[in-house]
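Fold and geometry: a report
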Amino acid sequence: MNVEVTPLPGIGTRQDFVSRSGRRIGVVTYRDGHFDLIVAKHDDPDSCVASIPLTTDESGALANLLGGPQLVAKLQEQNRDVPGVDTRQLPLAPGTPFDGRTLGDTALRTRTAVSVVAVVRAGTVHPSPRPDFTLGGGDLLITVGTSEGLAQAADVLDHG
């Protein structure tokens, strides 16, 4: 996929790509840190049919929605012939017991035999996070383990 980056002097940058249907979809990142999700007209890539303002938190949530499932699907495909191994994305809700604490504080591996293979935050994948990785509300933990262990891990993240 070819992503084009266009500087917008005095404003920020526009990053976009052309979808299979021929529609240009992108994000305008403003210098003050906010974002607009944009969709161009079908017949005119320079005319916007929709512009949706997003806060930093909203853009991160959207990025997690789009990026997390792809990573989980890849892991599931790789492990499909390994019986008893499941992959699941576990969200860390803001204000839950491990929001602002380290991955090591969760003791997920010891308590549930589940491994955290990546953390997706605001669209950025942090692979193989170390125990000192600080978790934040809105993070999406990509985990591998048994179905029972994954259910226990979800409970640990939600309730401590």
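Quick summary incoming for the structure in this document. Treat the numbers as computed from the prediction; the structure is a model and nothing was measured.

1. Quick word on the overall build of the protein chain
From N to C terminus, the protein chain includes four helices and nine strands. Ordered by position in the sequence, the α and β elements of the protein chain form the string β-β-β-β-β-α-β-α-α-β-β-β-α. Residue burial in the protein chain is summarised as follows: out of 160 residues, 31% are buried. Expressed as a percentage of contacts within the protein chain between residues at least 6 apart in sequence, the contacts between residues at least 24 apart total 47%. Accessible surface for the protein chain amounts to roughly 9,500 Å². Of this, 55% is attributable to carbon and sulfur atoms.

2. Describing the nonpolar core
The biggest cluster of nonpolar side chains holds 16 residues, and the ones touching the most others in it are Leu108, Leu135, Leu141 and Leu157. Elements that contribute at least two residues to this core include exactly β7 (115–121) and α4 (147–159). Broken down by element, this core gets its largest block of residues, five residues, from α4. Once residues within four sequence positions are removed from consideration, Leu157 is found in contact with Leu90, Leu92, Thr96, Pro97, Phe98, Thr106, Leu108 and Leu141.

3. Regarding the side chain of Thr143
Within the secondary structure, Thr143 is located in strand β9 (residues 140–145). Only 2.7 Å separates the side chain of Thr143 from the backbone oxygen of Arg88, close enough to count as a polar contact. In contact with Thr143, other than residues within four places in its own chain, are Asp86, Thr87, Arg88, Leu90, Val114, Ser115, Val116 and Leu150.

4. Describing the pattern of salt bridges
Where charged atoms from two side chains of opposite charge approach closely, those side chains can pair. By the definition in use, this model includes six salt bridges. Residues Arg24 and Glu4 are paired through a salt bridge, measuring 3.5 Å at the closest nitrogen-oxygen approach. Placement of Arg24 in strand β3 (residues 24–30) and of Glu4 in strand β1 (residues 4–8) is noted, with a sequence separation of 20 residues between them. It is possible to trace a salt-bridge network through shared partners that takes in Glu4, Arg14, Asp16 and Arg24.

Criteria and thresholds
Residues numbered from 1 in each chain as written. Predicted model: local features only at pLDDT ≥ 70, side-chain atom pairs only at ≥ 80, totals over all residues. Heavy atoms only, no water. Helix = DSSP H or I, 4+ residues; strand = E, 2+ residues; numbered from the N terminus. Buried < 20%, exposed > 50% of the residue type's maximum accessible area, 1.4 Å probe, protein only. Contact = heavy atoms within 4.5 Å. Areas by Shrake-Rupley, 256 points an atom, 1.4 Å probe, with all protein chains shown as cover. Core = buried A, V, L, I, M, F, W, Y, C linked by side-chain atoms within 4.5 Å. Polar contact = N/O pair within 3.5 Å; in protein donor to acceptor, adjacent residues only side chain to side chain. Salt bridge = Lys/Arg side-chain N within 4 Å of Asp/Glu carboxyl O.

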